[in-house]
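Residues per chain, in single letters:
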Amino acid sequence: MGGSGSTWMKHKATLILHNASIRKLFFYAVILTAAVLILLSQNTTPKSKVRRRYHGRRRSPLRLPKVSSIIDDCIRTLEKQNITPSNHSHQQRPLTQDPRTVKSWQELRNIVSNLLDIDTTIAIRRSNITLEDDFPQNFWPPGVALTGCLRKLYDDMFYTVRQQTSCALVGNGGILKNSNCGKRIDSHDFVMRVNLAEITGFEEDVGGRTDLTAINTAVGLLLKTQLKRATNSSNQSPLDKLTALGKLNDSVVWFPYNMSYRELSVTRRSRPIFETVLRQTKVDRHDMTYRVAYSPAPVWPQFMTRFWNKTRNSEGFVLFTVSTLFCQEVTLYGFWPFPQDSNGDHVPHHYYEDGDYDFTRRNTIPEEFEILQRLNQSNVIRIVSEKCTYSP
């Protein structure tokens, strides 16, 4: 009896150990399976890796395969011909003259056009290229010459600013307040503004037309914030930038920062901001009608730093430089970095508000004005800093 009981206990112990081993093996199998699934989810083919790197995140990857694959094939063809982005970068072209020393507008135009191409500096998206699934700047190669297949692709997707006889570049300086320059500004063939400054209610001084607006990352961030506020019915915070964007109708909004897949500079931080703004204002909710312009070959910061030999540049100064590519003459309004005008009267920071500004805290604007004033004195450009008397 005792022998059989001992045998039974040994058998039971063996069975318990056997079941424990099975449970342990099962546990390890689950862990191993989970690890394999994780590795498989992260392991993609080289083609998939390239597509994620080149084209960025897609909400619907099957909607634009034709455009993306054609561009990839075209790039590979160009690379076989030893045509690479660096071959046609402005950094590879010589700066023939110090732009501060030019004696005519045409001379300045020649220097800029030797370094920049208008097509890849301001690329305006055609209306038949939708934003629902991707943004053209995500997969457009910066710096590549527009030749062969790439030229055709560009023409299918983009166009640029036509040549203009007379351009007005309108800054936001308080010198425009009570200037009565509105009619003169609107009389130009092409009117450029910066950073979505309010013009409603100020038309008598600043005009009402806008053909092109350049905005920076700070304004993009404000737009993103105001888009969030707009969804809250109880929100009482101002939506001035969002409202100004909605009033642009079919004029061009230009993002002078590169947001393409090969750009590895600090401007990568701008891309998610502008993509959010573009998607929410033109696709998801607001359906605004302004036209979108990108810079496959960006002018900031590398070009502007090299061209003017200064690291900090305002949006207005960037737009002034680029305007040489399509304007036969440019008149500047609202550029005055001083707290008083020539008569000693007080000048606010901006024409649309009464706040003062200490320009000594940022030397960008005064330094730029010094350059512009030198060009003005040489009759290269014209700066309007007095009250206007309009005569058509």
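Use the structure listed above.
Quick caveat, the model's predicted, so the values are computed rather than measured.

Caption draft 1: View of the environment of K177. With respect to the element layout, K177 can be found in the loop between β3 (167-170) and α8 (182-186). Residue K177 is classed as partly exposed on the basis of its relative accessible area, which comes to 33%. The spacing of K177 and D205 is 28 residues in sequence and 6.2 Å in space, taken between C-alpha atoms. At 2.6 Å, the side chain of K177 forms a polar contact with the side chain of D354.

Caption draft 2: Structural detail: helix α15 (residues 364-377). For α15, which comprises 14 residues, the first-to-last C-alpha distance of 20 Å matches the rise-based estimate of 20 Å (1.5 Å per residue) to within 8%. All of the buried residues in α15 are T364, E368, F369, I371, L372, L375 and N376. For α15, the arc enclosing every buried residue in end-on projection is 160°, short of the 170-degree limit, so these residues lie on one face. With respect to the buried face of α15, the exposed residues turned more than 90 degrees away are E370 and Q377. Along its buried surface, α15 packs onto α4 (105-113), α13 (302-308), α14 (315-323), β8 (330-333) and β9 (382-384). Taken from the residues just after α15, N379 is the one with a positive phi, measuring 60°.

Caption draft 3: Here's a closer look at the sheet that holds strand β5 (residues 212-214). Read across the sheet, 9 strands follow the order β2-β1-β7-β6-β5-β4-β3-β8-β9 without closing on themselves; strand pairing throughout is mixed. Only two strands of the sheet have a single partner each, and these edge strands are β2 (158-159) and β9. Pairing between strand β1 (residues 123-125) and β2: 2 bridges, direction antiparallel. Across the sheet, the residue bridging to R125 is F158, located in β2. In the packing of α15 onto the sheet, contacts are made with β8 and β9, and the angle to β9 comes to roughly 115°.

Caption draft 4: Seen up close, the state of the cysteines. For the structure shown, the criterion picks out 2 disulfides. In this model C167 forms its disulfide with C327; the gap between the sulfur atoms is 2.0 Å. The S-S bond linking C167 to C327 shows a torsion near -90°; that makes this disulfide left-handed. Taken together, the positions of C167 in strand β3 and C327 in the loop between α14 and β8 put the pair 160 residues apart, joining distant regions of the chain. Pair check on accessibility: C167 and C327 agree, each one buried.

The rules behind these values
Residues numbered from 1 in each chain as written. Predicted model: local features only at pLDDT ≥ 70, side-chain atom pairs only at ≥ 80, totals over all residues. Heavy atoms only, no water. Helix = DSSP H or I, 4+ residues; strand = E, 2+ residues; numbered from the N terminus. Buried < 20%, exposed > 50% of the residue type's maximum accessible area, 1.4 Å probe, protein only. Polar contact = N/O pair within 3.5 Å; in protein donor to acceptor, adjacent residues only side chain to side chain. Expected span 1.5 Å × (residues − 1). Arc of directions from axis to C-beta. Contact = heavy atoms within 4.5 Å. Pairing = 2+ DSSP bridges. Axes fitted to C-alpha atoms, helices over the stretch in contact; angles between N-to-C directions. Disulfide = S-S within 2.5 Å.

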